[in-house]
Amino acid sequence: MSEHGCRRERIAYSRMGSVELCSCGMCHLTVGALTLRMDPAALNQLAATMTHAAAVLERRRQDPQDGGCSDDDTDAALVAAPLGDPRPRRLDS
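What comes next is a walk through the structure. (Residues numbered from 1 in each chain as written. Predicted model: local features only at pLDDT ≥ 70, side-chain atom pairs only at ≥ 80, totals over all residues. Heavy atoms only, no water.)

So, the overall build of the chain
Across its full length, the chain carries one helix and six strands. Listed by position from the N terminus, the elements making up the chain come as β-β-β-β-α-β-β. Taken over 93 residues, the chain has a buried fraction of 23%. Taking contacts inside the chain between residues at least 6 apart in sequence as the whole, the part at least 24 apart equals 15%. Put simply, the chain shows about 7,100 Å² of open surface, and 57% of that area lies on carbon and sulfur atoms. (Helix = DSSP H or I, 4+ residues; strand = E, 2+ residues; numbered from the N terminus. Buried < 20%, exposed > 50% of the residue type's maximum accessible area, 1.4 Å probe, protein only. Contact = heavy atoms within 4.5 Å. Areas by Shrake-Rupley, 256 points an atom, 1.4 Å probe, with all protein chains shown as cover.)

Observations concerning the nonpolar core
Val19, Cys27, Leu29, Met38, Ala42 and Leu43 form the largest nonpolar core, which has six residues in total. Setting aside residues up to four positions removed in sequence, valine 19 forms contacts with Glu9, Arg10, Ile11, Ala12, His28, Leu29 and Leu43. (Core = buried A, V, L, I, M, F, W, Y, C linked by side-chain atoms within 4.5 Å.)

Here's the deal with the environment of arginine 15
Along the polypeptide, arginine 15 turns up in the loop between β1 (8-13) and β2 (17-22). Residues arginine 15 and valine 31, spaced 16 residues apart in sequence, show a C-alpha to C-alpha distance of 9.1 Å.

Side note on the side chain of serine 18
Secondary-structure assignment places serine 18 in strand β2. On the basis of relative accessible area, serine 18 is assigned to the buried category, the value being 11%. Apart from residues lying up to four places away in sequence, serine 18 is in contact with Arg10, Ala12, Tyr13, His28, Leu29 and Thr30.

Describing the pairing of strand β4 (residues 34-38)
Summarising the sheet, strand β3 (residues 27-31) and β4 pair through five bridges and their orientation is antiparallel. What sits directly across from valine 31, in β4, is leucine 34. Here β3 folds back onto β4, and the loop between the two strands holds two residues, one of which, glycine 32, carries a positive phi near 60 degrees. (Pairing = 2+ DSSP bridges.)

Keep in mind these values describe shape, not function.
Laid out in structure tokens, this is it:
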């Protein structure tokens, strides 16, 4: 139990890190010595961003000639939505 009375439950774990859900409703994403505290909507948005980045990297791995940004990669320009709003925003909209 922490000093504030919150309790955490580990809901995901890998060699890369872990995600814990706090009794106050916040998520704690830990990678190495870094822990980010965010609400569940922000965690979902971060997961979507990471999934997109992984897809772009995989596409470039399969086509080594594709070294620059293409129109298909413009989704990487997603920016954070206001807290609580899980919909990502594009820079060009």
